[in-house]
Amino acid sequence: MDAWFGIDIGGTSVKTALVDNVGHILVSQSFDTGAERDAETVAVRIKDTLELLKARLKDGGSTCQVHGAGVGIPGFLDLDTGIVAEAVNLGWTDVPFQSMLEQLLQLPVAMENDANLAALGEAFAGAGADRRVVLCATVGTGIGGGIVIDGRLHRGVNGMAGEIGHLVVKRDGGILCNCGHHGCLETVASATAIVRQAQALQSAGKLPADKVVTEAKDVFDLAERGNEAALSVITDAANWLGYGLSLAAITLNPDVIVIGGGVSRAEERFLMPMQAAFEQYALERVAQAAEVRAATLSNDAGVIGAARLAQQRVSSNA
Ligand SMILES: [Zn+2]
């Protein structure tokens, strides 16, 4: 059986999987990046994990031929040289990670930004599988974005296409974003933004103080209990996201917008107000063409997208 090795490196853990030609996970394994997350250590653990995955498949009675690997990395990458220019969460600067992995794995390795691979995964085997122009937004600590057109990632000239989290939606009085600009979409519509707004209300005595808000789920729980202030924080973030997506959609004219991250599970409280805002700001024909869907691959989108990228690089007809 043909298989592709998908790797999704995050700030706290590395997810890996062997994936077949149609995007099904055959076997998977994660490990913590731990305090020692230098690139060499991570690369060696990835190699060990590949051996483990192959052994597990064999124990289960199947054999596979692994043809290539794809790796998603949260950071800025130079894809011409295979160098991770900067991955803040990992503390990596100018790391030649692609060649490092190729030597260890003895496989062709394709490297890509993690948000792009999540989009490719959803477009290949998830919520966008039956659509042509897929715009993906993953709402978490920040807002990751990716664009897939006719099955291929649209990267732009240096990999920055689809960075919708950094659309400046609040030109005046916006707060500082990690990118150095003020008022980016992710400063008002990410899970982090929801938590920050709720914490401010809590400090001002406008939210119950029995449980300190530390994650977006706390705010959703309060809204579920009927707390109006918590609900308005969520609705506000949803409105901003709908507005930001309308700008992206007018540029791209997608036939599906896939929303990932924890908020995507909140159909009524988040996705519905988001869609209403989207329809308010997008051109009517743009809004009519673009169906909003929740992501379906959850945490597997990254490894499936990574495996798919490897497959596209190695097989000319994939
Ligand atoms: Zn920004």
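Within each chain, residue numbers correspond to sequence positions counted from 1 in written order. Local features are withheld for residues below a pLDDT of 70 in this predicted model, meaning they are given only at 70 or higher, and side-chain atom pairs are given and counted only at 80 or more; totals for whole chains, interfaces and linings count all residues. Hydrogens are left out, water is left out, and the side-chain values use all remaining heavy atoms of the structure.

Two aromatic rings from Phe, Tyr or Trp, using only the six-membered ring of Trp, form a pair when their centres are within 6.5 Å; if the ring planes differ by under 30 degrees the pair is stacked, by over 60 it is edge-to-face, and anything between is tilted. Under the definition given, this model contains 3 aromatic pairs. Geometrically, the ring pair formed by W92 and F97 is tilted, given 4.8 Å between the ring centres and 40 degrees between the ring planes. Per residue, the accessibility class of W92 equals that of F97, and both read buried. With centroids separated by 6.3 Å and ring planes inclined at 65 degrees, the aromatic side chains of W240 and Y243 adopt a geometry described as edge-to-face. One end of the pair is W240 and the other is Y243, both in helix α7 (residues 228-252) and 3 residues apart, which spans about a single turn. The rule is simple: take the accessible area with a 1.4 Å probe, protein chains only, and divide by the maximum for that residue type; under 20% is buried, over 50% is exposed, in between is partly exposed. In this structure W240 comes out as partly exposed when scored by relative accessible area, which is 21%. Secondary structure counts use DSSP, requiring at least four H or I residues in a row for a helix and at least two E residues in a row for a strand, with both numbered from the N terminus.

Definition of nonpolar core: a set of buried residues of the types Ala, Val, Leu, Ile, Met, Phe, Trp, Tyr and Cys, connected through side-chain atoms within 4.5 Å. Within the largest apolar cluster, 44 residues are counted, with the highest numbers of intra-cluster contacts made by I194, L241, L245, I257, I259 and F270. Broken down by element, the residue count for this core peaks at 10 residues, all from α7. Setting aside residues no more than four positions away along its own chain, I194 makes contact with A216, V219, F220, V233, A237, V263 and F270. Counting residues in hydrophobic clusters, the runner-up holds 33 residues, among them V27, F31, L57 and V84. Between two residues, a contact is recorded if the distance between any of their heavy atoms is within 4.5 Å.

This part covers the sheet that holds strand β11 (residues 152-153). Strands qualify as paired when DSSP identifies two bridges or more between them. Taking strand neighbours across the sheet as the criterion, the 5 strands line up as β11-β10-β9-β12-β13 in an open arrangement whose pairing is mixed. Taken across any chain shown, the strands that pair with only one partner, and hence form the sheet edges, are β11 and β13 (291-294). Pairing between strand β9 (residues 133-139) and strand β12 (residues 256-260): 5 bridges, direction parallel. The residue of β12 that forms the bridge with A137 is I259. Working convention: axes come from line fits to C-alpha atoms, limited for helices to the stretch in contact. Angles between N-to-C directions cover 0 to 180 degrees. Contacting β9, β10 (143-149) and β12, α7 runs over the sheet at an angle of about 155 degrees to β9.

Next up on the list: empty space enclosed by the protein. Cavities and pockets were defined on a 1 Å grid built from protein atoms only: a cavity is a group of points that admits a 1.4 Å probe but offers it no way out, a pocket is an open group of points flanked by protein on both sides within 12 Å along at least five of seven lines, and a lining residue is one with an atom within 4 Å of any such point. Grid points are joined across faces, edges and corners, and a volume is the space filled by probe spheres set on the points. Enumeration according to the criterion identifies 1 cavity of 30 Å³ or more in this entry. In this model, the largest cavity occupies a volume close to 50 Å³. Forming the walls of the largest cavity are V188, A193, I194, Q197, V233, D236, A237 and W240. When contributions to the lining of the largest cavity are tallied by element, the ones reaching two or more residues are α5 (191-203) and α7. Counting residues per element, the lining of the largest cavity draws most heavily on α7, which supplies 4 residues.

As a further point, take the sheet that holds strand β6 (residues 83-87). Spatial strand order, β5-β6-β7: 3 strands in an open sheet with antiparallel pairing. Strands with a single pairing partner mark the edges of an open sheet, and in this sheet they are β5 (76-78) and β7 (92-95). Strand-to-strand, the axes of this sheet are offset by a mean angle of 15 degrees, without reference to chain direction. The pairing of β6 with β7 spans 3 bridges and is classified as antiparallel. From the neighbouring strand, E86 faces β7, where its bridge partner is T93.

With that settled, consider the coordination of the zinc ion. Six octahedrally arranged donors around a metal ideally form angles of 90 or 180 degrees; four tetrahedrally arranged donors ideally form angles of 109.5 degrees. The protein atoms donating to the zinc ion are H166 (ND1), C177 (SG), C179 (SG) and C184 (SG), with metal-donor distances spanning 2.0 to 2.3 Å. Note that the zinc ion binds 4 donor atoms; their angles at the metal cover 104 to 122 degrees, and the shape is tetrahedral. Think of the donor list as every N, O and S atom within 2.8 Å of the metal, or within 3.2 Å for Na, K and Ca; water never makes the list, so a site can look incomplete. Read in sequence order, the donor residues for the zinc ion give the motif H-x10-C-x1-C-x4-C. Separated by 18 residues along the polypeptide, H166 in the loop between β11 and α4 (185-189) and C184 in the loop between β11 and α4 bring together distant segments of the chain. Square planar and octahedral assignments, for four and six donors respectively, both demand that opposite donors be over 155 degrees apart and that all other angles lie between 65 and 115; tetrahedral needs four donors with all angles between 85 and 135 degrees, and anything else is irregular.

Fair warning: the whole summary comes from geometry, so function is off the table for now.
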